[in-house]
Amino acid sequence: MIDKTREIALKILYKIDKEKAYSNIALNEEIKENRKKLEEKDIGLISEIIYGVTSWRLTIDEIIKKYSKIKIKKISPWILNILRMGIYQIIFLDKIPKSAAVNESVNLAKRYGHSSSSNFVNAILRKVEKSDYEEFFQIDDNIEKISKTTSMPIWIIEELLKNNNIETVEQICKNSNLKPKITIRINNLKTNKKEIEQKLKGKNIEYKETEYEDFLILEKIKNVENLDLFKEGLFTIQDISAGQTAKILNPQKGEYILDACAAPGGKTTYMAEIMENEGQILAWDIYEHRTKLIEENAKRLGIEIIKTEVKDASIYNEKLKEKFDKILLDVPCLGIGVIKRKPDIKWQRNIEDIKEITNIQVKILENCSRYLKKGGELVYSTCSILKQENENTIFNFLKENDTFDIVENSMTNILPDNEKDGFFICKLKKK
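All of the points below concern the structure found in this document. Note that the coordinates shown come from a computational prediction; the quantities given were computed from them, not determined experimentally. (Residues numbered from 1 in each chain as written. Predicted model: local features only at pLDDT ≥ 70, side-chain atom pairs only at ≥ 80, totals over all residues. Heavy atoms only, no water.)

### A few points about the overall build of the protein
Alright, step 1. A tally of helices and strands in the protein yields 19 helices and 12 strands.
Alright, step 2. In terms of overall dimensions, the protein is globule-like: its C-alpha atoms have a radius of gyration of 24 Å, near the 22 Å expected for 431 residues.
Alright, step 3. Across its three principal directions, the C-alpha atoms of the protein cover 70 × 50 × 35 Å.
Alright, step 4. Within the span of the protein, comprising 431 residues, buried residues form 53% of the whole.
Alright, step 5. Counted over contacts in the protein with a minimum sequence separation of 6, partners at least 24 positions apart contribute 72%. (Helix = DSSP H or I, 4+ residues; strand = E, 2+ residues; numbered from the N terminus. Rg over C-alpha atoms; globule rule 2.2 N^0.38 Å. Buried < 20%, exposed > 50% of the residue type's maximum accessible area, 1.4 Å probe, protein only. Contact = heavy atoms within 4.5 Å.)

Okay, structure coming up:
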């Protein structure tokens, strides 16, 4: 008999593989469809398998290559993902006995493969041991070792080495496999830190303080958006690093601010909270459904100073020249700093994408810098940690635009760690 939980996980992995679906979207869709048939522990296992297999795909495939006489490209996508699921459970999930991982995989192979597929899956999985992963730590070449022990594509490692030493790069790659924390930002328009902490204690929700005043980390909690405290707008979910973009821009009450790449509105709403809901923020996104997300977030948080527009920040509008006191540009990027949240990035991006994305970043920075008043300030940020998207973009811009300077001590590289995502932030001032 087929285990329903693993079968759903298999279907999601197939979608990610063949339809290039994002893991979080495919996972949410499938769980929504099967909600009535699933218990919380089933949803937990499905999520664990999806994010685990997606995160560790390179490493797992290396183990498949070790034992399979058939090349990976020749293995049916269904069978390949059954193998990946089985190996992930054997190597990384201590709570699941190897026998269960093998047997459930063989059962799936009988349904989703040919008559010989189950024998093929059985033969490979019975050979797999935890020592297969441990062997990768003995590799002499540092880049290859980091790639296979952390499941990171070599091109990303080589890019990271352009502005980090090998030890730092290895740590970045290790941290990219950590489970992301649930971080909340307190909405000071409606409450304060002390009050929120009391309410969390009242609901027996464990939390951890951070060095950042407005942020707390919630522990051992699921479906945060279902909490009354969230629905009432007392807090929003935001990574600490993302929040620092608004802090560093430091918008003031009464100012006219542009957030040119705003959806879903985490940074926009934080700026409004810092401004104590006085002034005006113009928030752009290129898709209407995403500007609606900004509006929904603002409404929930009790914010009234955000006006949204469907607009492409890479297209210049002469009417807006020198109109804004401050500008936030959290530009589109490769997202290398948020891999632990979006492990698909490792397999859906490649080195050729750098040129394309930096061209967009440069265009947005060039255009929007002209919207800034003299004496105004602009924050450029990305959730990437690659030099070409960050320092190089800033320095190239400054070569062509001598009316701008970097604000002293504002250029910040935040590397991904146990609590935060990776981020680059730099503040520019117009003379």
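### Considerations on the packing of aromatic side chains
Alright, step 1. Counting across every chain of the model gives 14 aromatic pairs.
Alright, step 2. Taking the centre distance of 5.8 Å and the plane angle of 85 degrees together, the rings of Phe215 and Tyr270 count as edge-to-face. Residue Phe215 is found in strand β3 (residues 215–218), and its partner Tyr270 is found in helix α15 (residues 266–274); the two are separated by 55 residues along the sequence.
Alright, step 3. Classification of Phe215 as buried rests on a relative accessible area of 1%.
Alright, step 4. For Tyr270, a relative accessible area of 2% corresponds to the buried category.
Alright, step 5. Note on Tyr316 and Tyr371: the rings are 5.5 Å apart at their centroids and 10 degrees apart in plane angle, and the pair reads as stacked. A residue pair is termed long-range when its members are at least 10 positions apart, and Tyr316 in the loop between β7 (306–310) and β8 (324–330) and Tyr371 in the loop between α18 (353–369) and β9 (372–382) qualify at 55 residues.
Alright, step 6. Residue class for Tyr316 comes out partly exposed when judged on its relative accessible area of 24%.
Alright, step 7. These aromatic residues form a ring-pair network of at least three members: Trp56, Tyr88, Phe92, Tyr133 and Phe137.
Alright, step 8. Over the ring of Phe230 we find Arg300, and its NZ or CZ is 3.8 Å from the ring centre.
Alright, step 9. For the cation-ring pair, Lys311 lies above Trp284, with the distance from its terminal atom to the ring centre recorded as 5.0 Å. (Phe/Tyr/Trp six-rings, centres within 6.5 Å; stacked < 30°, edge-to-face > 60°. Lys NZ or Arg CZ within 6 Å of the ring centre and 35° of its normal.)

### Here's the deal with the state of the cysteines
Alright, step 1. For the structure on display, the rule yields 0 disulfides.
Alright, step 2. Considering cysteine sulfurs only, Cys383 is the nearest to Cys173, which forms no disulfide, with 16 Å between them.
Alright, step 3. Distance from the sulfur of Cys383, which forms no disulfide, to the nearest cysteine sulfur (Cys333) is 3.4 Å. (Disulfide = S-S within 2.5 Å.)

### Examining the sheet that holds strand β4 (residues 235–237)
Alright, step 1. Overall, antiparallel pairing links the 4 strands, which are arranged β2-β3-β1-β4 in an open sheet. Here the strands that pair on one side only, and so sit at the sheet edges, are β2 (207–209) and β4. Each adjacent strand pair in this sheet contributes to an overall mean axis angle of 35 degrees, direction not counted.
Alright, step 2. Where strand β1 (residues 182–186) and β4 come together, 3 bridges link them in antiparallel fashion. By the bridge assignment, Ile184 is partnered in β4 with Ile237. (Pairing = 2+ DSSP bridges. Axes fitted to C-alpha atoms, helices over the stretch in contact; angles between N-to-C directions.)

### Points about the pattern of salt bridges
Alright, step 1. Applying the stated criterion across every chain, the model contains 38 salt bridges.
Alright, step 2. The partner of Glu48 in a salt bridge is Lys179, and the shortest N-O contact between them spans 2.8 Å. Of this pair, Glu48 sits in helix α3 (residues 40–55) while Lys179 sits in the loop between α11 (166–175) and β1, and the two are 131 residues apart along the sequence.
Alright, step 3. Look at Lys179 and you get exposed, because its relative accessible area is 60%.
Alright, step 4. Of the charged contacts in the structure, one is a salt bridge between Lys427 and Glu377, with a shortest N-O distance of 3.2 Å. Here Lys427 is found in strand β12 (residues 423–430), whereas its partner Glu377 is found in strand β9, with 50 residues between them in sequence. (Salt bridge = Lys/Arg side-chain N within 4 Å of Asp/Glu carboxyl O.)

### A short note on the pairing of β1
Alright, step 1. Most of β1 is tucked away: 4 of the 5 residues are buried.
Alright, step 2. Pairing analysis gives 4 bridges linking β1 to β3, with the strands arranged antiparallel. Within β3, the residue paired with Arg185 across the bridge is Phe215.

### So, the pairing of β3
Alright, step 1. Alternating residues of β3 divide into Phe215 and Ile217 and Leu216 and Leu218, and every residue in both groups is buried.
Alright, step 2. Note: β2 against β3, 3 bridges, orientation antiparallel. Residue pairing for β3: Lys208 is matched across the bridge by Ile217.

Keep in mind these values describe shape, not function.
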